[in-house]
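Fold and contact review
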Amino acid sequence: MFIEKVTMRQMKMILKSPFQTSFGTQLEREFILTEVQADGLTGYGECVVSKDPLYNEETVGTAWHILEQFLIPMVLEQAEFSHPDEAGQLFSPIRRNNMAKSAIEGAIWDLYAKQQNLPLAKALGGTKDKIEVGISIGIEEDINQLFRNVENYIEQGYRRFKFKIKPGKDVEIIRALRSRFGDIPMMADANSAYTLNDMDTLKELDYFNLMMIEQPLAHDDIIDHAKLQKQLKTPVCLDESIHSCEDARKAIELGSTRIINIKIGRVGGLSEAKRIHDLCREKGVPVWCGGMLESGIGRAHNIAMTSLPNFILPGDTAASSRYWYEDVISPEVTVNKDGTIDIPLSPGIGYQPKPELLDKYTVKQREFVRTNK
Ligand SMILES: O=C(O)CCC(=O)C1=CC=C[C@@H](O)[C@@H]1C(=O)O
Ligand SMILES: [Mg+2]
(Lines give C-alpha, C1' and ligand atoms only; values in the text may rest on other atoms or scores of the structure.)
(Ligands and ions follow the chains in the order given, each with its own letter.)
Protein backbone atom coordinates (compact mmCIF):
# COMPACT_ATOMS: atom_id res chain seq x y z
CA MET A 1 0.00 0.00 0.00
CA PHE A 2 1.20 3.51 -0.87
CA ILE A 3 0.29 5.83 1.98
CA GLU A 4 -1.24 8.79 0.17
CA LYS A 5 -2.12 11.09 3.08
CA VAL A 6 -1.43 11.38 6.81
CA THR A 7 -3.41 13.56 9.21
CA MET A 8 -2.23 14.38 12.71
CA ARG A 9 -4.55 15.83 15.42
CA GLN A 10 -3.52 17.18 18.82
CA MET A 11 -6.41 16.28 21.11
CA LYS A 12 -7.55 17.55 24.50
CA MET A 13 -10.22 15.68 26.49
CA ILE A 14 -11.29 16.30 30.10
CA LEU A 15 -11.24 13.24 32.38
CA LYS A 16 -14.47 12.45 34.26
CA SER A 17 -12.47 12.39 37.49
CA PRO A 18 -8.83 13.12 38.45
CA PHE A 19 -6.46 10.17 38.03
CA GLN A 20 -3.72 10.19 40.71
CA THR A 21 -0.59 8.05 40.52
CA SER A 22 2.71 8.13 42.42
CA PHE A 23 4.07 10.70 40.00
CA GLY A 24 1.15 13.11 39.67
CA THR A 25 -2.54 13.71 39.02
CA GLN A 26 -4.12 13.96 35.58
CA LEU A 27 -7.27 16.07 35.15
CA GLU A 28 -7.28 15.96 31.36
CA ARG A 29 -5.58 14.08 28.55
CA GLU A 30 -3.64 15.83 25.81
CA PHE A 31 -2.53 13.33 23.16
CA ILE A 32 -2.27 12.87 19.39
CA LEU A 33 -4.46 10.93 16.96
CA THR A 34 -3.25 9.90 13.51
CA GLU A 35 -4.98 8.91 10.27
CA VAL A 36 -3.25 7.27 7.31
CA GLN A 37 -5.05 6.95 3.97
CA ALA A 38 -4.52 4.66 0.99
CA ASP A 39 -6.82 3.22 -1.69
CA GLY A 40 -9.89 4.95 -0.26
CA LEU A 41 -9.37 3.44 3.22
CA THR A 42 -8.30 5.15 6.47
CA GLY A 43 -6.33 3.64 9.34
CA TYR A 44 -6.39 5.24 12.79
CA GLY A 45 -3.73 5.37 15.51
CA GLU A 46 -3.18 7.02 18.89
CA CYS A 47 -0.02 8.52 20.36
CA VAL A 48 -0.43 7.91 24.09
CA VAL A 49 1.87 10.71 25.26
CA SER A 50 0.91 13.19 27.96
CA LYS A 51 1.42 16.94 28.28
CA ASP A 52 4.29 16.31 30.74
CA PRO A 53 7.27 13.86 30.54
CA LEU A 54 6.41 12.09 33.82
CA TYR A 55 5.66 8.55 32.66
CA ASN A 56 8.43 8.52 30.03
CA GLU A 57 10.55 11.11 28.17
CA GLU A 58 7.94 11.87 25.50
CA THR A 59 5.33 14.64 25.48
CA VAL A 60 2.73 15.94 23.04
CA GLY A 61 5.36 18.46 21.93
CA THR A 62 8.17 15.96 21.31
CA ALA A 63 5.88 13.50 19.54
CA TRP A 64 4.36 16.20 17.31
CA HIS A 65 7.90 17.25 16.31
CA ILE A 66 9.16 13.71 15.64
CA LEU A 67 6.04 12.82 13.67
CA GLU A 68 6.04 16.07 11.66
CA GLN A 69 9.78 16.28 10.98
CA PHE A 70 10.76 12.63 10.65
CA LEU A 71 8.22 9.80 10.78
CA ILE A 72 5.48 11.15 8.50
CA PRO A 73 7.93 12.32 5.80
CA MET A 74 9.60 8.88 5.94
CA VAL A 75 6.22 7.16 5.44
CA LEU A 76 5.21 9.44 2.54
CA GLU A 77 8.57 9.02 0.80
CA GLN A 78 8.50 5.25 1.36
CA ALA A 79 7.75 3.01 -1.55
CA GLU A 80 4.96 0.51 -1.11
CA PHE A 81 4.34 -1.11 2.30
CA SER A 82 3.50 -4.79 1.86
CA HIS A 83 3.13 -5.40 5.64
CA PRO A 84 2.90 -3.13 8.71
CA ASP A 85 6.05 -4.77 10.17
CA GLU A 86 7.92 -2.66 7.62
CA ALA A 87 6.92 0.54 9.46
CA GLY A 88 9.01 -0.43 12.49
CA GLN A 89 11.91 -1.35 10.21
CA LEU A 90 11.61 2.00 8.42
CA PHE A 91 11.64 3.88 11.77
CA SER A 92 14.51 1.85 13.30
CA PRO A 93 17.24 4.49 12.61
CA ILE A 94 15.26 6.94 14.80
CA ARG A 95 16.27 6.47 18.46
CA ARG A 96 13.50 5.85 21.06
CA ASN A 97 10.42 8.13 20.60
CA ASN A 98 8.40 4.92 20.77
CA MET A 99 5.00 6.52 21.40
CA ALA A 100 5.43 8.72 18.32
CA LYS A 101 6.42 5.68 16.25
CA SER A 102 3.51 3.58 17.51
CA ALA A 103 0.99 6.27 16.54
CA ILE A 104 1.82 5.88 12.85
CA GLU A 105 2.60 2.15 12.96
CA GLY A 106 -0.74 1.42 14.63
CA ALA A 107 -2.63 3.41 11.99
CA ILE A 108 -0.81 1.43 9.27
CA TRP A 109 -1.81 -1.83 11.00
CA ASP A 110 -5.46 -0.66 11.04
CA LEU A 111 -5.26 0.28 7.34
CA TYR A 112 -3.63 -3.06 6.48
CA ALA A 113 -6.31 -5.04 8.36
CA LYS A 114 -9.02 -3.08 6.51
CA GLN A 115 -7.32 -3.82 3.18
CA GLN A 116 -7.21 -7.54 4.13
CA ASN A 117 -10.88 -7.25 5.20
CA LEU A 118 -9.85 -8.66 8.60
CA PRO A 119 -10.50 -7.52 12.16
CA LEU A 120 -7.19 -6.09 13.50
CA ALA A 121 -7.25 -8.86 16.14
CA LYS A 122 -7.20 -11.52 13.43
CA ALA A 123 -4.57 -9.67 11.36
CA LEU A 124 -2.33 -9.76 14.47
CA GLY A 125 -2.89 -13.51 14.93
CA GLY A 126 -5.41 -13.19 17.76
CA THR A 127 -7.22 -16.32 18.91
CA LYS A 128 -9.92 -15.00 21.25
CA ASP A 129 -13.46 -13.78 20.58
CA LYS A 130 -13.58 -11.87 23.88
CA ILE A 131 -11.04 -10.60 26.41
CA GLU A 132 -11.09 -10.41 30.22
CA VAL A 133 -10.51 -6.92 31.58
CA GLY A 134 -9.53 -5.30 34.86
CA ILE A 135 -9.46 -1.74 36.00
CA SER A 136 -6.81 0.66 37.27
CA ILE A 137 -7.89 2.71 40.27
CA GLY A 138 -6.09 5.92 41.11
CA ILE A 139 -4.96 7.02 44.56
CA GLU A 140 -7.78 8.56 46.62
CA GLU A 141 -7.19 10.84 49.64
CA ASP A 142 -10.44 9.57 51.18
CA ILE A 143 -10.43 5.78 51.80
CA ASN A 144 -14.24 5.73 51.75
CA GLN A 145 -14.20 7.21 48.24
CA LEU A 146 -11.74 4.46 47.27
CA PHE A 147 -14.11 1.85 48.74
CA ARG A 148 -17.04 3.36 46.81
CA ASN A 149 -15.00 3.24 43.60
CA VAL A 150 -14.17 -0.44 44.15
CA GLU A 151 -17.80 -1.35 44.96
CA ASN A 152 -18.85 0.38 41.73
CA TYR A 153 -16.29 -1.51 39.64
CA ILE A 154 -17.11 -4.87 41.24
CA GLU A 155 -20.73 -4.21 40.35
CA GLN A 156 -19.66 -3.51 36.74
CA GLY A 157 -18.00 -6.95 36.56
CA TYR A 158 -14.28 -6.09 36.31
CA ARG A 159 -12.06 -9.14 36.73
CA ARG A 160 -9.05 -7.54 38.44
CA PHE A 161 -8.42 -4.42 40.54
CA LYS A 162 -5.17 -2.46 40.22
CA PHE A 163 -4.38 0.02 42.97
CA LYS A 164 -1.85 2.79 42.70
CA ILE A 165 0.49 2.92 45.69
CA LYS A 166 3.28 5.21 46.90
CA PRO A 167 5.26 5.54 50.15
CA GLY A 168 2.77 6.35 52.92
CA LYS A 169 -0.16 5.10 50.86
CA ASP A 170 0.61 1.42 50.50
CA VAL A 171 0.46 -1.29 53.20
CA GLU A 172 -2.39 0.26 55.22
CA ILE A 173 -4.42 0.90 52.05
CA ILE A 174 -3.94 -2.65 50.78
CA ARG A 175 -4.70 -4.05 54.28
CA ALA A 176 -7.93 -2.00 54.44
CA LEU A 177 -8.94 -3.12 50.94
CA ARG A 178 -8.29 -6.78 51.79
CA SER A 179 -10.31 -6.59 55.01
CA ARG A 180 -13.17 -4.78 53.21
CA PHE A 181 -13.31 -6.82 49.99
CA GLY A 182 -11.76 -10.18 50.89
CA ASP A 183 -9.79 -12.08 48.28
CA ILE A 184 -10.78 -10.13 45.16
CA PRO A 185 -8.04 -10.32 42.45
CA MET A 186 -5.84 -7.37 43.44
CA MET A 187 -2.52 -5.92 42.29
CA ALA A 188 -0.52 -2.80 43.10
CA ASP A 189 1.25 -0.40 40.74
CA ALA A 190 4.00 1.75 42.31
CA ASN A 191 5.20 3.55 39.19
CA SER A 192 8.79 3.42 40.45
CA ALA A 193 8.04 5.10 43.79
CA TYR A 194 10.31 2.79 45.87
CA THR A 195 13.97 1.78 46.15
CA LEU A 196 15.68 -1.27 47.68
CA ASN A 197 15.83 0.81 50.89
CA ASP A 198 12.06 0.22 51.08
CA MET A 199 12.53 -3.55 51.21
CA ASP A 200 10.68 -3.85 54.56
CA THR A 201 7.60 -2.11 53.18
CA LEU A 202 7.67 -4.14 49.98
CA LYS A 203 8.04 -7.35 52.01
CA GLU A 204 4.97 -6.36 54.07
CA LEU A 205 2.99 -6.18 50.80
CA ASP A 206 4.00 -9.80 50.28
CA TYR A 207 1.44 -10.90 52.88
CA PHE A 208 -1.65 -9.73 50.98
CA ASN A 209 -1.69 -12.30 48.19
CA LEU A 210 -1.40 -9.66 45.47
CA MET A 211 -1.36 -10.96 41.88
CA MET A 212 1.71 -8.81 41.29
CA ILE A 213 3.53 -5.63 42.25
CA GLU A 214 3.97 -3.49 39.14
CA GLN A 215 7.17 -1.44 38.60
CA PRO A 216 8.09 -0.94 42.25
CA LEU A 217 11.61 0.36 41.54
CA ALA A 218 13.28 2.77 39.12
CA HIS A 219 11.75 3.24 35.67
CA ASP A 220 15.00 2.24 33.92
CA ASP A 221 16.03 -0.65 36.17
CA ILE A 222 16.19 -4.42 35.80
CA ILE A 223 19.08 -5.12 38.21
CA ASP A 224 17.49 -4.04 41.50
CA HIS A 225 14.17 -5.58 40.42
CA ALA A 226 16.02 -8.93 40.14
CA LYS A 227 17.34 -8.49 43.70
CA LEU A 228 13.85 -7.56 44.92
CA GLN A 229 12.14 -10.47 43.15
CA LYS A 230 14.46 -12.90 45.00
CA GLN A 231 13.09 -11.48 48.30
CA LEU A 232 9.38 -11.59 47.39
CA LYS A 233 6.95 -14.38 46.67
CA THR A 234 4.64 -11.87 44.95
CA PRO A 235 5.52 -11.65 41.23
CA VAL A 236 7.18 -8.42 40.11
CA CYS A 237 5.59 -7.04 36.93
CA LEU A 238 7.58 -4.60 34.79
CA ASP A 239 6.01 -1.73 32.86
CA GLU A 240 8.25 1.36 32.42
CA SER A 241 11.49 -0.72 32.29
CA ILE A 242 10.51 -2.62 29.15
CA HIS A 243 10.82 -0.68 25.87
CA SER A 244 11.57 -3.53 23.49
CA CYS A 245 11.72 -7.28 23.03
CA GLU A 246 15.43 -7.15 23.89
CA ASP A 247 14.64 -5.42 27.19
CA ALA A 248 12.10 -8.17 27.93
CA ARG A 249 14.62 -10.91 27.09
CA LYS A 250 17.24 -9.41 29.43
CA ALA A 251 14.76 -8.83 32.28
CA ILE A 252 13.48 -12.42 32.05
CA GLU A 253 17.04 -13.82 31.91
CA LEU A 254 18.04 -11.78 34.98
CA GLY A 255 14.92 -12.85 36.91
CA SER A 256 13.82 -9.21 37.21
CA THR A 257 10.20 -9.98 36.37
CA ARG A 258 7.67 -12.81 36.25
CA ILE A 259 4.91 -10.85 34.45
CA ILE A 260 5.14 -8.11 31.80
CA ASN A 261 2.68 -5.26 31.23
CA ILE A 262 2.74 -4.63 27.46
CA LYS A 263 1.78 -1.11 26.33
CA ILE A 264 1.78 -0.66 22.57
CA GLY A 265 2.98 2.96 22.78
CA ARG A 266 5.77 2.27 25.26
CA VAL A 267 7.34 -0.39 23.02
CA GLY A 268 6.98 1.43 19.69
CA GLY A 269 4.02 -0.32 18.15
CA LEU A 270 2.02 -3.48 17.57
CA SER A 271 4.78 -5.42 15.76
CA GLU A 272 7.21 -5.05 18.71
CA ALA A 273 4.38 -5.71 21.17
CA LYS A 274 3.67 -8.96 19.31
CA ARG A 275 7.37 -9.91 19.46
CA ILE A 276 7.38 -9.34 23.24
CA HIS A 277 4.17 -11.39 23.53
CA ASP A 278 5.73 -14.25 21.53
CA LEU A 279 8.99 -14.21 23.56
CA CYS A 280 7.07 -14.21 26.85
CA ARG A 281 4.89 -17.08 25.64
CA GLU A 282 8.02 -19.08 24.79
CA LYS A 283 9.50 -18.31 28.26
CA GLY A 284 6.28 -19.03 30.18
CA VAL A 285 5.92 -15.39 31.27
CA PRO A 286 2.29 -14.19 31.26
CA VAL A 287 1.55 -10.76 29.86
CA TRP A 288 -1.35 -8.30 30.10
CA CYS A 289 -2.24 -5.10 28.29
CA GLY A 290 -1.52 -1.90 30.17
CA GLY A 291 -3.36 1.35 29.58
CA MET A 292 -2.47 4.99 29.11
CA LEU A 293 -5.94 6.51 29.63
CA GLU A 294 -6.53 6.14 25.91
CA SER A 295 -9.37 7.47 23.84
CA GLY A 296 -11.44 4.86 22.05
CA ILE A 297 -8.91 4.68 19.19
CA GLY A 298 -6.08 3.52 21.45
CA ARG A 299 -8.52 1.42 23.47
CA ALA A 300 -9.50 -0.39 20.24
CA HIS A 301 -5.84 -1.21 19.48
CA ASN A 302 -5.41 -2.54 23.04
CA ILE A 303 -8.46 -4.79 22.63
CA ALA A 304 -7.13 -6.22 19.36
CA MET A 305 -3.69 -6.90 20.86
CA THR A 306 -5.19 -8.55 23.95
CA SER A 307 -6.76 -11.19 21.67
CA LEU A 308 -3.28 -12.80 21.35
CA PRO A 309 -3.13 -16.06 23.38
CA ASN A 310 -0.49 -15.20 26.02
CA PHE A 311 -2.48 -12.20 27.25
CA ILE A 312 -3.71 -14.49 29.99
CA LEU A 313 -4.12 -11.87 32.75
CA PRO A 314 -6.85 -9.20 32.73
CA GLY A 315 -5.47 -5.87 31.52
CA ASP A 316 -6.28 -2.19 32.09
CA THR A 317 -8.56 -1.78 29.04
CA ALA A 318 -11.67 -0.56 30.83
CA ALA A 319 -14.88 0.77 29.25
CA SER A 320 -14.87 4.17 27.52
CA SER A 321 -17.07 5.41 30.39
CA ARG A 322 -14.22 4.81 32.87
CA TYR A 323 -12.59 8.07 31.75
CA TRP A 324 -14.81 9.82 29.18
CA TYR A 325 -18.15 11.65 29.21
CA GLU A 326 -18.21 10.87 25.49
CA ASP A 327 -15.66 8.82 23.59
CA VAL A 328 -14.60 9.68 20.02
CA ILE A 329 -15.70 6.29 18.64
CA SER A 330 -18.94 4.51 17.85
CA PRO A 331 -19.86 2.20 19.45
CA GLU A 332 -18.07 3.15 22.67
CA VAL A 333 -16.09 0.40 24.38
CA THR A 334 -18.34 -1.38 26.88
CA VAL A 335 -17.57 -4.15 29.35
CA ASN A 336 -19.96 -7.11 29.69
CA LYS A 337 -21.32 -7.95 33.14
CA ASP A 338 -18.84 -10.86 33.29
CA GLY A 339 -15.89 -8.48 32.93
CA THR A 340 -15.20 -9.20 29.28
CA ILE A 341 -15.09 -7.14 26.08
CA ASP A 342 -16.24 -8.74 22.83
CA ILE A 343 -13.62 -8.56 20.06
CA PRO A 344 -15.13 -6.58 17.15
CA LEU A 345 -15.74 -8.64 14.00
CA SER A 346 -15.62 -5.77 11.49
CA PRO A 347 -12.41 -4.99 9.55
CA GLY A 348 -9.63 -3.01 11.25
CA ILE A 349 -9.96 -1.63 14.77
CA GLY A 350 -13.68 -2.38 14.64
CA TYR A 351 -14.86 0.93 16.06
CA GLN A 352 -15.85 3.90 13.90
CA PRO A 353 -14.32 7.28 14.80
CA LYS A 354 -16.96 10.03 15.17
CA PRO A 355 -15.83 12.98 12.97
CA GLU A 356 -17.89 15.55 14.89
CA LEU A 357 -16.27 14.51 18.18
CA LEU A 358 -12.79 14.26 16.65
CA ASP A 359 -13.26 17.89 15.53
CA LYS A 360 -14.75 18.93 18.89
CA TYR A 361 -11.68 17.76 20.83
CA THR A 362 -9.03 18.71 18.25
CA VAL A 363 -6.75 21.53 19.44
CA LYS A 364 -4.76 21.64 16.20
CA GLN A 365 -4.28 19.43 13.17
CA ARG A 366 -2.02 19.10 10.15
CA GLU A 367 -2.35 17.14 6.90
CA PHE A 368 0.53 15.69 4.88
CA VAL A 369 0.13 14.36 1.31
CA ARG A 370 2.44 12.25 -0.81
CA THR A 371 4.16 14.33 -3.48
CA ASN A 372 6.08 11.58 -5.31
CA LYS A 373 3.68 9.18 -7.03
O1 LIG B 1 -5.48 3.34 31.05
C2 LIG B 1 -5.72 2.89 32.18
O3 LIG B 1 -6.84 2.73 32.65
C4 LIG B 1 -4.55 2.55 33.06
C5 LIG B 1 -3.86 3.79 33.48
C6 LIG B 1 -2.70 3.46 34.35
O7 LIG B 1 -2.80 2.69 35.26
C8 LIG B 1 -1.44 4.09 34.06
C9 LIG B 1 -1.32 4.96 33.04
C10 LIG B 1 -0.13 5.70 32.84
C11 LIG B 1 0.85 5.64 33.75
C12 LIG B 1 0.54 5.07 35.03
O13 LIG B 1 -0.19 6.00 35.75
C14 LIG B 1 -0.31 3.83 34.96
C15 LIG B 1 0.53 2.64 34.62
O16 LIG B 1 1.72 2.69 34.90
O17 LIG B 1 0.02 1.59 34.17
MG1 LIG C 1 2.19 0.75 35.31
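Residues numbered from 1 in each chain as written. Chains lettered and ligands numbered in written order. Predicted model: local features only at pLDDT ≥ 70, side-chain atom pairs only at ≥ 80, totals over all residues. Heavy atoms only, no water.

1. Some points on the coordination of the magnesium ion (ligand 2)
Counted only if it meets this: In this analysis a donor is any N, O or S atom within 2.8 Å of a metal ion (3.2 Å for sodium, potassium and calcium), and since water is not included, sites may seem incomplete. Secondary structure elements are taken from DSSP: a helix is a run of H or I of four residues or more, a strand is a run of E of two residues or more, and numbering for both begins at the N terminus. Partly exposed residues are those whose accessible area sits between 20% and 50% of the maximum for their type, while under 20% is buried and over 50% is exposed, using a 1.4 Å probe and protein chains only.
On the protein side, the magnesium ion (ligand 2) has Asp189 (OD), Glu214 (OE) and Asp239 (OD) as donor atoms, found 2.1 to 2.4 Å from it. For the magnesium ion (ligand 2), the donor residues sit on a single chain with the sequence spacing D-x24-E-x24-D. One end of the pair, Asp189, is in strand β7 (residues 186-189); the other, Asp239, is in the loop between β9 (236-238) and α9 (245-254), with 50 residues separating them in the sequence. Asp239 carries the same exposure label as Asp189, and that label is buried.

2. Here's the deal with the pairing of strand β6 (residues 161-164)
Strand residues, when the strand is regular, have side chains that alternate between the two faces of the sheet. Short version of the rule: Pairing between two strands requires that DSSP report at least two bridges joining them. A clockwise course of the path from the first strand over the helix to the second, judged with the strands pointing away from the viewer, identifies a crossover as right-handed.
Neither face of β6 is open: one carries Phe161 and Phe163, the other Lys162 and Lys164, and all of them are buried. Looking at chain direction, strand β5 (residues 135-137) and β6 are connected through 3 bridges and run parallel. Across the sheet, Ile137 pairs through a bridge with Phe163, a residue of β6. The parallel pair β5 and β6 is bridged by helix α5 (residues 143-156), and the resulting crossover is right-handed. Both β6 and β7 contribute to a ladder of 4 bridges, which runs parallel. Within β7, the position partnered with Phe163 by the bridge is Ala188. With helix α6 (residues 171-181) bridging β6 and its parallel neighbour β7, the resulting β-α-β unit is right-handed.

3. Description of the site of ligand 1
The cut-off we apply is this: Note on definitions. A residue lies near a molecule or strand when any single heavy atom of the residue is within 4 Å of it. The definition of a polar contact used here is a pair of N or O atoms within 3.5 Å, where within protein one atom must be able to donate a hydrogen and the other to accept one, and adjacent residues in sequence count solely through side-chain atom pairs. Accessible surface area values rest on a Shrake-Rupley calculation with a 1.4 Å probe, where residue burial reflects the displayed protein chains alone. Any residue that is not Ala, Val, Leu, Ile, Met, Phe, Trp, Tyr, Cys, Pro, Asp, Glu, Lys or Arg is counted as polar, Gly included; the first ten are nonpolar and the last four charged. Either an automatic procedure or a domain database provided the assignment from which the domain bounds are taken.
In the vicinity of ligand 1, 19 residues are found, and the nearest of them are Ser136, Lys164, Asn191, Leu293 and Tyr323. Measuring from an oxygen atom of ligand 1, one finds a side-chain N or O atom of Lys263 at 2.9 Å. Surface burial for ligand 1 is 99%, taken as the share of its 400 Å² of free accessible area covered by protein chains. Taken together, the elements giving at least two residues each to the shell around ligand 1 come down to β1 (5-21) and β6. Residue classes in the shell around ligand 1 are distributed as 6 nonpolar, 4 polar and 9 charged. When residues of the shell around ligand 1 are sorted by domain, at least three fall in each of domain 1 (5-117 + 352-369) and domain 2 (122-342).

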